[in-house]
Amino acid sequence: MPLNPDSPLARLMATLPRPGTVEWIGLRPARDVPMQAVTRVQASTGGGLEGDRYKGGSGKRGLTLIQAEHLPVIATLAGLDAVQAATLRRNVVVRGLPLIALKERRFRIGSVVLEGTEPCDPCSRMEDALGAGGYNAMRGHGGLCARIIEGGSFAVGDAVVPL
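Rules behind the numbers
- Residues numbered from 1 in each chain as written.
- Predicted model: local features only at pLDDT ≥ 70, side-chain atom pairs only at ≥ 80, totals over all residues.
- Heavy atoms only, no water.
- Helix = DSSP H or I, 4+ residues; strand = E, 2+ residues; numbered from the N terminus.
- Rg over C-alpha atoms; globule rule 2.2 N^0.38 Å.
- Buried < 20%, exposed > 50% of the residue type's maximum accessible area, 1.4 Å probe, protein only.
- Contact = heavy atoms within 4.5 Å.
- Areas by Shrake-Rupley, 256 points an atom, 1.4 Å probe, with all protein chains shown as cover.
- Core = buried A, V, L, I, M, F, W, Y, C linked by side-chain atoms within 4.5 Å.
- Salt bridge = Lys/Arg side-chain N within 4 Å of Asp/Glu carboxyl O.
- Patch = residues over 30% accessible without salt bridge, like charges linked within 9 Å, V, L, I, M, F, W, Y side chains within 5 Å.
- Arc of directions from axis to C-beta.
- Pairing = 2+ DSSP bridges.

Participant: Provide a residue-level description of the overall build of the chain, including the pertinent values.
Facilitator: On a plain count of helices and strands, the chain comes out with 4 helices and 10 strands. Ordering the α and β elements of the chain from the N terminus gives α-β-β-β-β-α-β-β-β-α-α-β-β-β. For the chain, whose C-alpha radius of gyration is 15 Å, the value lies close to the compact-globule estimate of 15 Å for 163 residues. When each of the 163 residues of the chain is scored for burial, the buried share is 42%. In the chain, of all internal contacts separated by at least 6 residues, the share reaching a separation of at least 24 is 73%. Counting only carbon and sulfur atoms, one obtains 53% of the accessible surface of the chain, whose full area is about 8,400 Å².

Participant: Pulling in residues and values, what's your account of the nonpolar core?
Facilitator: Among the nonpolar cores identified, the biggest contains 22 residues, and Leu63, Leu65 and Phe154 are the most heavily contacted of them. Elements supplying a minimum of two residues to this core: strand E1 (20–27), strand E3 (40–43), strand E4 (63–67), strand E5 (92–95), strand E6 (106–109), strand E7 (112–119) and strand E8 (144–150). Beyond its immediate sequence surroundings of up to four residues, Leu65 is in contact with Val92, Val94, Leu99, Phe107, Ile109, Gly142, Gly143, Leu144 and Ala146. In terms of nonpolar packing, the next biggest core, distinct from the first, is built from 16 residues, Trp24, Leu88, Val93 and Met126 among them.

Participant: Account for the pattern of salt bridges, with residues named and values stated.
Facilitator: Here the structure, examined in full by the defined rule, presents 7 salt bridges. Measuring nitrogen to oxygen at the nearest pair gives 2.4 Å for the salt bridge that ties Arg95 to Glu23. Of this pair, Arg95 sits in strand E5 while Glu23 sits in strand E1; the two residues are 72 residues apart in sequence, bridging distant segments of the chain. Using a relative accessible area of 38% as the deciding quantity, one classes Arg95 as partly exposed.

Participant: With reference to specific residues and values, describe a nonpolar patch on the surface.
Facilitator: There is a patch of nonpolar side chains on the surface, built from Leu3, Leu9, Leu12 and Met13 and spanning about 410 Å² of accessible area. Turning to its location among the elements, Leu9 is positioned in helix H1 (residues 8–14). Exposure remark for Leu9: the relative accessible area of 44% places this residue in the partly exposed category.

Participant: Could you give an account of helix H2 (residues 70–78), with specific residues and numbers?
Facilitator: Taken as a whole, H2 has its buried residues at His70, Leu71, Ile74, Ala75 and Ala78. The arc that holds every buried residue of H2, seen down its axis, measures 140°, which confines them to one face. Exposed side of H2, more than 90 degrees from the buried face: Thr76 and Leu77 are the residues found there. With its phi angle positive at about 75°, Gly79 sits one or two positions after the end of H2.

Participant: Mind laying out the environment of Leu71, listing which residues take part and the relevant values?
Facilitator: Here Leu71 lies in helix H2. A relative accessible area of 12% means that Leu71 is categorised as buried. Sequence spacing of Leu71 and His141 is 70 residues, and the spatial spacing of their C-alpha atoms is 8.4 Å. Residues contacting Leu71, with those up to four places away along its chain left out, are Ile66, Val83, Ala85, Leu88 and Val93.

Participant: Tell me about the pairing of strand E9 (residues 152–155), and name the residues and values.
Facilitator: Along any regular strand, the residues point their side chains to alternate faces of the sheet. Of the two faces of E9, the one holding Gly152 and Phe154 and the one holding Ser153 and Ala155 are both buried throughout. The sheet contact formed by E3 and E9 spans 4 bridges and is antiparallel. Each bridged residue has a counterpart across the sheet, and for Arg40 the counterpart in E9 is Ala155.

What follows is the structure in structure tokens.
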């Protein structure tokens, strides 16, 4: 059941300390190829990111985001010294904003308006990428899926601003 927007809990959930910042952008041009880091990307309304194999759009998963603060946590849980963003197969790494707070909310990055749709759960590929237990290391830290409401472009360094 949706929260009453006037409730104390709804007000708390809507209050964020500051915008986030895009730290990294990656595209998967084809199946089973490494992610390619880019500094700027075009996003299509209702679709995906130009140059990404999922550009055709699945609606709820036009792009995926993960928190930079979760990368060291995932590495620790997987028994690794560090984890690179490209290894986790998410499109956008954001620092300074709790992504779960954007679930079912609209937000802007650059000229793009997005809507957080659902947590981005890990897939079985994380066992290969991170080693045994990689799937579980990512559980609860996989980030957020978002649909593209208004297309445009965004770049590394752009603010992530709740609307």
